[in-house]
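This is what each chain is made of:
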Amino acid sequence: MTSPGTSGNRRRQRSTRVVVAVLLIVLAALAVAGTAVTGSWLLVTIAATAAVLLGAAATKITHTELLDSRQEAARDRAAQARAYAELTEVRTAENVEFAADMTGKVAKRDATITRLEKRLGDAAAELADARRELAEAGDRAEEAQRTADRLTERLADAEERAGQAVVRVAELEAELDVLTAQIHALEAQARAQARRPA
């Protein structure tokens, strides 16, 4: 882009050229008007010719100024286009860097999600195994309880039979004592009778 000093110089040159062109046209008009008052065709013709030449010079100066203005505008547009192109390159590089950064972050998050999903699957499998083992332990506990209940019933039955057997043994012992006493009494009678004289 052009520097501010260069742009100021061009503006001063431009205004000087425009002022010169305007002065030439004014001078031509004054020359024609001044000679017209005199009434001399020769002076009017010379003044008219000079006015045409001065108008042509003013037109050339204006045309040159117009070309310079267009070239300067074209240079400014080219400088702006270069600046925009550079800005676009910077923004494109920033966008590429941002996209790469976001792609990396997305990849990391995807990896984290995959890892967490795997852990969740493993935890679900462990939970299912634990529930199955708990159900099996519950079944075993119920079976053990049923077995304990059966054994308790058998123990109660055995204790009842043992109690009955104890009672029966006591009865048998009492009967045995009675029989033993009877036997002893009979033996005593028999010995007593054996001692009696015949």
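This text follows the structure it describes.
If you're wondering where the values come from, they're calculated on a predicted model, not measured in any experiment.

Visitor: Before we go on, may I ask you to explain the overall build of the chain in this structure?
Guide: Counting its regular elements, the chain contains two helices and zero strands. Residues counted as buried form 7% of the 198 residues belonging to the chain. A sequence separation of at least 24 residues applies to 67% of the contacts in the chain between residues at least 6 apart. When the accessible surface of the chain is summed, it comes to about 16000 Å², and 64% of that surface belongs to carbon and sulfur atoms. For the chain, the distance from the average site of its 28 positive side-chain charges to the average site of its 29 negative ones is 18 Å.

Visitor: Where do I start with the environment of Gly 121 in this structure?
Guide: Residue position: Gly 121 is located in helix α2 (residues 41-195). In this structure, the C-alpha to C-alpha distance between Gly 121 and Leu 24, residues 97 residues apart in sequence, is 95 Å.

Visitor: Help me understand the pattern of salt bridges in this model?
Guide: Between side chains of opposite charge, a pair can form when the charged atoms approach closely. According to the stated counting rule, one finds seven salt bridges in the structure shown. Between Glu 143 and Arg 146 there is a salt bridge; the shortest N-O distance is 2.6 Å. Taken as a pair, Glu 143 and Arg 146 lie in helix α2 at a separation of three residues, close to a single helical turn. With a shortest N-O distance of 2.4 Å, Asp 157 and Arg 161 are connected by a salt bridge. Here Asp 157 and its partner Arg 161 are both found in helix α2, four residues apart, which amounts to about one turn of the helix. With a relative accessible area of 49%, Arg 161 lands in the partly exposed category.

Cut-offs used in this document
Note that residues are indexed from 1 along each chain, following the sequence as it is written. Restriction of local features to residues with pLDDT of at least 70 applies here, the model being predicted, together with a cutoff of 80 or more for giving and counting side-chain atom pairs; totals for whole chains, interfaces and linings are based on all residues. Water and hydrogen atoms were dropped before computing side-chain values, which therefore reflect all heavy atoms in the structure. Secondary structure elements are defined from DSSP: runs of H or I of at least 4 residues count as helices, runs of E of at least 2 residues count as strands, and each element is numbered from the N terminus. Only protein chains enter the area calculation, which uses a 1.4 Å probe; residues under 20% of their type maximum are buried, those over 50% are exposed, and those in between are partly exposed. In this analysis, two residues are considered to be in contact whenever any of their non-hydrogen atoms come within 4.5 Å of each other. Using a 1.4 Å probe, accessible areas were evaluated by the Shrake-Rupley method; residue-level cover was limited to the displayed protein chains. Positive charges come from Lys and Arg, negative ones from Asp and Glu, while His and the chain ends are left out of the count. Where a charge sits is defined by one atom per residue type, namely NZ (Lys), CZ (Arg), CG (Asp) or CD (Glu). Salt bridges are counted wherever a side-chain nitrogen of Lys or Arg sits within 4 Å of a carboxyl oxygen of Asp or Glu.

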